[in-house]
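# What the coordinates show
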Protein chains: 2
Amino acid sequence: MPTDTARITALDTYDVRFPTSRSLDGSDAMNPDPDYSAAYLVLRTDAGDGLEGHGFTFTIGRGNDVQVAAIEALRGHVVGRSVSDLCADPGSLNRDLIGDSQLRWLGPEKGVMHMAIGAVVNAVWDLAAKRAGRPLWRLLAEAEPQWLVSQVDFRYLTDALTPDEALTLLERARDGRAERAGTLLARGYPAYTTSPGWLGYSDEKLTRLAKEALADGFTQIKLKVGADLSDDLRRCRAARAAIGPDVRMAIDANQRWDVADAIAWTNALAEFDPYWIEEPTSPDDILGHAAVRTAVAPVKVATGEHVQNRIVFKQLLQAGAIDVLQLDATRVGGVNENLAILLLAAKFGVPVCPHAGGVGLCELAQHLSMFDFIALSGTTQDRVLEYVDHLHEHFVTPTVVRDGHYRAPTTPGFSAQMHPESIAAYVYPGGTFWSTELEEQS
Amino acid sequence: MPTDTARITALDTYDVRFPTSRSLDGSDAMNPDPDYSAAYLVLRTDAGDGLEGHGFTFTIGRGNDVQVAAIEALRGHVVGRSVSDLCADPGSLNRDLIGDSQLRWLGPEKGVMHMAIGAVVNAVWDLAAKRAGRPLWRLLAEAEPQWLVSQVDFRYLTDALTPDEALTLLERARDGRAERAGTLLARGYPAYTTSPGWLGYSDEKLTRLAKEALADGFTQIKLKVGADLSDDLRRCRAARAAIGPDVRMAIDANQRWDVADAIAWTNALAEFDPYWIEEPTSPDDILGHAAVRTAVAPVKVATGEHVQNRIVFKQLLQAGAIDVLQLDATRVGGVNENLAILLLAAKFGVPVCPHAGGVGLCELAQHLSMFDFIALSGTTQDRVLEYVDHLHEHFVTPTVVRDGHYRAPTTPGFSAQMHPESIAAYVYPGGTFWSTELEEQS
């Protein structure tokens, strides 16, 4: 590693909000009117190479300012640090941020403060990948297993996964990495689409979009459920009719139910052969998910987009509570914690199908799934990465999905960077879009 | 209830920080240098009766500004509401705040955003009790069981506790309420003290304070452990020598350990007959606590000060993971969620020994324990409320502990109100104390 004297000189934040509630894009049983937003940050350096680190937390509107405040509370830990040291070992920053005992009180390792840590850590990974001239998935997939293990915080995990076991899992996947990278570059990573199934869409729109999804090469779609059972029966029937018996149809309740309701409602929809029931109840309810899984089999149980950290994922796996693990790129403490979560899933043999959509989650999550395929799980069997066709136009290197597969990004970085014009328009409340809106309202 | 037209006119916030790190008060294995702080708010009205609602979240320094920002994000839900409606049914506000779907994304029901909800809800209870002319414990203890049940959010609880079961628990305790209130007013509520046991104190200070605790009438003390085993062996030996064999000595690891370490370390200290091991591992690790409990019995397992919400407490009880439930007055969504937690504990027959100390936690927690004694559990058997002799002088109605017992407060309200002079001095960074400090540093 070349030593250099470059330092992080600034951590700049932006409260970016898109008015998605107006079209009911993203509507579900718990979130009727989200305004997809990003608490966004840029790390700047004095390296003179023009490279920046971009990162963000995805939120759905109100409170994005609180999330920005939490990111700003971390500034003192980052500004002034050596760029090359940070990029050589993002785990050191991760440990420092999680280890700030005063900030830790605000979690620990959950909610607003933890997502802020994730955003900053992810920005460092973006910068590290850019400096390495590689897309993040490739930087991770080519890394030495021992170094990857050094990037993981094993605290509270060792009853389920030790560093030695993690190393063994990564070493086991060493064979065939180059071949799988070739497969990935040729075919991409399998996706499924949630675009047809938002709760606010009419049956006609649902049917049309489901058929379009098939024509676009997707082999799995997802429907939002949980607000009204008779609506759900009708919508599931329409979707199943549109896609036929062989395409997988997942359903997603977005935490709407208590345990008994989750069991009864899922079983009531079983005639439409749902592949998985997602977020049947509170993301905090490990024992509840285990009870639901037992009672709704063979329908699989999936959760993760709101699971707060590796400790809860550990228990979901220990308790046999999930069939599908849906990590989220901006919910936990960044790439480092997601490495821990991917390793836990590999240890327990549970497929990872990340949550995506929102703002920029597809852009980030693809790197994690592609690394997992090449250098950890070694397979895409029963693995699909969520795809939602929203808001990609705001990113400098948007995801590309063709024939139902994410194309592997080739641009260096974590694909996290928004166009400056998008930020300028949608910064809240002062951006050109919002200031016009707010003026018209008043 | 008299109808009136008074409204909430303001929600004012204050970032109050005390420089406790300078004396190592409050030092433990995870929190070496806390600056005990309060993200504090005042609800003002146009009722003309001079009454305000005060509430706060306890933090330990950095990030208190983020907590204040989260409280401010709730202002729009509160200002303009009818004072009498709010005070007649604080649960309606609790449901609205938890149900704001955009803010919910930032948790859900955990961390900074959830603690902000707790602070605002608690301020409403303070105002409600003042308007009723009663200390909060009495308002709750005299309330109709059906109304108390209406104040609880049972979402995600019904697999463990239904509204009907909650009502039965409260009805069961109806007999003898007046007699227990008399006992409480005469004797107070049993306390234990953590004051001798901070990790930063010398053995001499520990011994002296432990003996003083006995002289002051306490029958249980607590020691911080978990940084260094040989230190812990020496300190536990000194403390046991000071208090003799009959006084209970709890130990507290503040989440320092993984599961295997927790078991080994606790068993290594077993010769000193610790009564409970508190926070042996992550507060998120339900299954881990269950494993520890099995392996360290007859030492009891206690946790709760960092348990994020009722859903995790539910599972700790379902899994048989704890012997002692340590709710915290400002960690969860306020009095309403703590009613749920007290009801869960009563259902499972687990004693509640609240976490206190910090800034103002003793002032708040006493009301919850006193309500529990009079109108729910009906007993103080194996129940003790933590007491730490710090920072009470900043409160208008500070706790009074005599002969090892909290005296029942008689002033109307939730005892949450700080002296205006204390706020003026310790508001950060502009208060008279901090501005002088910061000036001297620069």
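The structure displayed is predicted, hence computed values, not measured ones. (Residues numbered from 1 in each chain as written. Chains lettered and ligands numbered in written order. Predicted model: local features only at pLDDT ≥ 70, side-chain atom pairs only at ≥ 80, totals over all residues. Heavy atoms only, no water.)

## Some remarks on the UniProt feature "domain: Mandelate racemase/muconate lactonizing enzyme C-terminal" (unreviewed entry) in chain A
What counts here: UniProt positions are given in the numbering used here, feature names are shortened, and annotations may be inferred rather than shown by experiment. The way it works is that DSSP assigns letters per residue, a run of H or I at least four long becomes a helix, a run of E at least two long becomes a strand, and they are numbered from the N terminus.
UniProt feature "domain: Mandelate racemase/muconate lactonizing enzyme C-terminal" (unreviewed entry): in the numbering of this structure it lies at residues 203–299 of chain A. A helix fraction of 51% and a strand fraction of 15% characterise residues 203–299 of chain A, whose end C-alpha atoms lie 24 Å from each other.

## Some words on a negative patch on the surface
Defined as follows: The residues that make up patches have over 30% relative accessible area and no salt bridge, and they are joined within 9 Å when like-charged or within 5 Å when they are Val, Leu, Ile, Met, Phe, Trp or Tyr. For the area figures, the Shrake-Rupley method with a 1.4 Å probe applies, and any residue is considered shielded solely by the protein chains shown. We count a salt bridge whenever a side-chain nitrogen from Lys or Arg sits within 4 Å of a carboxyl oxygen from Asp or Glu. When charges are counted, Lys and Arg are positive and Asp and Glu negative, with His and the chain ends excluded. The atoms used to mark charge sites are NZ of Lys, CZ of Arg, CG of Asp and CD of Glu.
Taken together, Asp216, Asp389, Glu393 and Asp403 of chain A make up a surface patch of like negative charges. Within the fold, Asp389 of chain A resides in the loop between β10 (385–387) and β11 (401–402).

## Let's talk about the environment of Gly360 of chain B
Residue and element names in this part refer to chain B. Convention followed: Note on definitions: a residue-residue contact is assigned when non-hydrogen atoms from the two residues lie within 4.5 Å.
With respect to the helices and strands, the residue Gly360 is situated in the loop between α16 (335–348) and α17 (361–375). Between the alpha carbons of Gly360 and His392 there is a distance of 6.9 Å; along the sequence they are 32 residues apart. Each residue touching Gly360, except ones within four places of it in the same chain, is listed here: Phe56 and Phe395.

## Some points on the packing of helix α9 (residues 163–172) of chain A against helix α16 (residues 335–348) of chain A
Any two packed helices are characterised by how steeply their axes cross, that is the angle between the axes, and by the distance between the axes. Residue and element names in this part refer to chain A. Counted only if it meets this: Only the stretch in contact is used when a helix axis is fitted, and all axes are lines through C-alpha atoms; the angle between N-to-C directions ranges over 0 to 180 degrees. Orientation labels follow simple angle bins: below 35 degrees gives roughly parallel, above 145 gives roughly antiparallel, 65 to 115 gives roughly perpendicular, and whatever is left gives oblique.
Where α9 meets α16, the axes come as close as 10 Å, and the angle between the chain directions of the two elements is 80 degrees. Classified by the interaxial angle, the pair formed by α9 and α16 is roughly perpendicular. Every residue of α16 that contacts α9 at Glu165, Ala166, Leu169 and Leu170 is listed here: Leu343, Ala346 and Lys347.

## Quick word on the pairing of strand β6 (residues 248–252) of chain B
Residue and element names in this part refer to chain B. To be explicit about the condition: Remark: exposure states derive from per-residue accessible area (1.4 Å probe, protein chains only) relative to the maximum for the residue type, with buried under 20%, exposed over 50%, and partly exposed in between. Whether two strands pair depends on DSSP finding at least two bridges between them. Every crossover in which the path from the first strand over the helix to the second runs clockwise, viewed with the strands pointing away from the viewer, is termed right-handed.
The buried count for β6 comes to 4 of 5 residues, which makes it a mostly enclosed element. Note that strand β5 (residues 220–224) and β6 share 5 bridges and pair parallel. Note that in β6 the partner of Leu223 across the bridge is Ile251. With respect to chirality, the unit in which β5 leads through helix α12 (residues 229–243) into the neighbouring parallel β6 is right-handed. Sheet topology note: the β6/strand β7 (residues 274–278) ladder contains 3 bridges and is parallel. Residue pairing in the sheet places Met249 in a bridge with Pro274 of β7.

## As for the sheet that holds strand β1 (residues 8–17) of chain B
All names here are of chain B. If you trace the 3 strands from one edge of the open sheet to the other, you get β1-β2-β3, paired in antiparallel fashion. The outermost strands of the open sheet, each flanked by one partner alone, are β1 and β3 (53–59). The sheet shows a mean angle of 15 degrees between the axes of neighbouring strands, taken without regard to direction. Judged from the 7 bridges that link them, strand β2 (residues 37–45) and β3 form a sheet pairing that is antiparallel. Bridge pairing in β3 places Ala38 opposite Phe58.

## A closer look at the domain arrangement of chain A
Residue and element names in this part refer to chain A. For clarity, the cut-off: An automatic or database domain assignment is the source of the domain bounds shown. Buried area, as used here, totals the accessible surface that two parts lose on assembly, with accessibility defined by a 1.4 Å probe and the loss added over both. Residues adjacent in sequence count toward polar contacts only when both atoms are side-chain atoms; beyond that, a polar contact is any pair of N or O atoms within 3.5 Å, and within protein one must be able to donate a hydrogen and the other to accept it. For this classification, the nonpolar set comprises Ala, Val, Leu, Ile, Met, Phe, Trp, Tyr, Cys and Pro, the charged set comprises Asp, Glu, Lys and Arg, and every other residue, Gly included, is treated as polar.
Domain annotation for chain A reports domain 1 (8–133) and domain 2 (177–421). Roughly 3200 Å² of surface becomes buried between domain 1 and domain 2 when both sides are summed, with 62% attributable to carbon and sulfur atoms. By the criterion of area lost to domain 2, the three top residues of domain 1 are Phe18, Ala29 and Phe56, representing 18% of everything that side buries. Inspection of the domain 1/domain 2 interface yields 1 salt bridge. Linking Glu109 and Arg310 is a salt bridge whose minimum nitrogen-to-oxygen distance equals 2.4 Å. Linking domain 1 to domain 2 there are 12 residue pairs in polar contact (both at pLDDT 80 or more). Contributions of two or more residues to the side of domain 1 that touches domain 2 are made by β2 (37–45), β3 (53–59), α4 (90–99) and α6 (111–132). A breakdown of the residues in the side of domain 1 that touches domain 2 according to their chemical character gives 16 nonpolar, 14 polar and 7 charged.

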